[in-house]
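Now for the letters of each chain:
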Amino acid sequence: MDPQNQPATTPRARGRHRAVRRPLLSDVARSATEQVSALTGRGAVVAAAGGGVLLSLIAPPAQAAPAPAAVNAELAGSPVQGALDAAALDALATQAKASVAAAPVVTVATDAELKVESAAVSVVSAADNEEYQAQLAAEAEAEAAEEAAEAAAAAAEEAAAVDIPASAAGSAVVSVAMRYLGVPYVWGGSTPAGFDCSGFTSYVYGQVGIDLPRTSSEQRYAGTVVPWSEAQPGDMIWSPGHIAIYAGDGMQIEAPVPGKSVRYTSIWQSNPTFIRVG
């Protein structure tokens, strides 16, 4: 081919290629130093080995002091030749050890044992518990005493509200008997806590110095029988199974029947026997 007829050849532009630049060890050291400076407040430890950088974060307790600035300055100014200066690494290691040592640690021996002491439990029934039974008895006694006091107070109030009849004004027996109006009837009772019919008469006559037998059938023969027309206040009124105290003017004072209380009432017996004692 004729050289004149050959196509012109466009010269190729030569591209300029930069050689891949590897980071200098000084750059690595600078980066590590900057990271140390930024993380020392949180207890970070930086170590470089060979051509790479090893970062290890160790969390110290909140009160651990930050790494001294001197360590950063020393590390920043140290030459790097394949690894950080040994003195700088020692300083970082010392810093990490101090942080770990300052952290609160609780240690327990591997052979530690947990012991739980237990005491035997004994159960005693209420019936066999002497202390509990004594407490119940004391409470019952206190309650009975309180009820007796209330009954006596009520009787005194009722007696004060009832005037002694004029015909019995001079009778000590009637005066004493009127004090116990309102005391409840209690079978076998012979105290102001509760009276039955003969218990009431024997208690009242005892207050004026006259001793009577305990039952109504025995009291029937404790004195002299008088006719109704001659009966006086303070005489006893007897009927089969019952006895009372005559208060004059056809009235009597008696402890009647269960469910009732000592009362001042009219003579209801159809054919009573009057007995004078003393």
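Values in this document were obtained by computation on a predicted structure and should not be read as measured data.

Some points on helix H6 (residues 197–207)
For the α-helix, the turn length of 3.6 residues means that residues three or four positions removed from each other point alike. Burial within H6 is extensive, with 8 of its 11 residues counted as buried. Residues of H6 that are buried: Cys197, Ser198, Gly199, Phe200, Thr201, Ser202, Val204 and Tyr205. Looking one or two residues beyond H6, the residue adopting positive phi is Gly209, at roughly 90 degrees.

Examining the sheet that holds strand S6 (residues 236–239)
Taken in spatial order, the 6 strands make up an open sheet running S5-S10-S6-S7-S8-S9, and their pairing is antiparallel. The open sheet is flanked by strand S5 (224–226) and strand S9 (263–266), the only strands paired with a single partner. Strand-to-strand, the axes of this sheet are offset by a mean angle of 40 degrees, without reference to chain direction. Sheet strands touched by H6: S6, strand S7 (242–248) and strand S8 (251–254). Its angle to S7, the strand with the most contacts, is close to 50 degrees.

Regarding the nonpolar core
Nonpolar side chains in soluble globular proteins tend to be buried together. In this structure, Phe200, Ile253 and Val262 are the most contacted members of the largest nonpolar core, which totals 25 residues. Elements supplying a minimum of two residues to this core: helix H5 (172–177), H6, S6 and S7. For Phe200, the contacting residues outside a window of four places in its chain are Ala177, Tyr180, Phe195, Ile245, Ile253, Glu254, Ala255 and Val262. Within the second largest apolar cluster, 6 residues are counted, among which are Val226, Ala231, Ile237 and Ile267.

Description of the pairing of strand S10 (residues 273–276)
Sheet topology places S5 next to S10; 3 bridges connect them, and they run antiparallel. Directly across from Val225, in S10, lies its bridge partner Ile275.

Some words on the pattern of salt bridges
Pairing is possible between side chains that carry opposite charge, provided their charged atoms lie close to one another. Overall, the coordinates contain 3 salt bridges when judged by the stated rule. Put simply, Arg214 and Asp196 hold a salt bridge, and the shortest N to O gap is 3.2 Å. Here Arg214 is found in the loop between H6 and helix H7 (216–219), whereas its partner Asp196 is found in the loop between strand S4 (194–195) and H6, with 18 residues between them in sequence. Exposure remark for Asp196: the relative accessible area of 7% places this residue in the buried category.

What counts as what
Residues numbered from 1 in each chain as written. Predicted model: local features only at pLDDT ≥ 70, side-chain atom pairs only at ≥ 80, totals over all residues. Heavy atoms only, no water. Buried < 20%, exposed > 50% of the residue type's maximum accessible area, 1.4 Å probe, protein only. Helix = DSSP H or I, 4+ residues; strand = E, 2+ residues; numbered from the N terminus. Pairing = 2+ DSSP bridges. Axes fitted to C-alpha atoms, helices over the stretch in contact; angles between N-to-C directions. Contact = heavy atoms within 4.5 Å. Core = buried A, V, L, I, M, F, W, Y, C linked by side-chain atoms within 4.5 Å. Salt bridge = Lys/Arg side-chain N within 4 Å of Asp/Glu carboxyl O.

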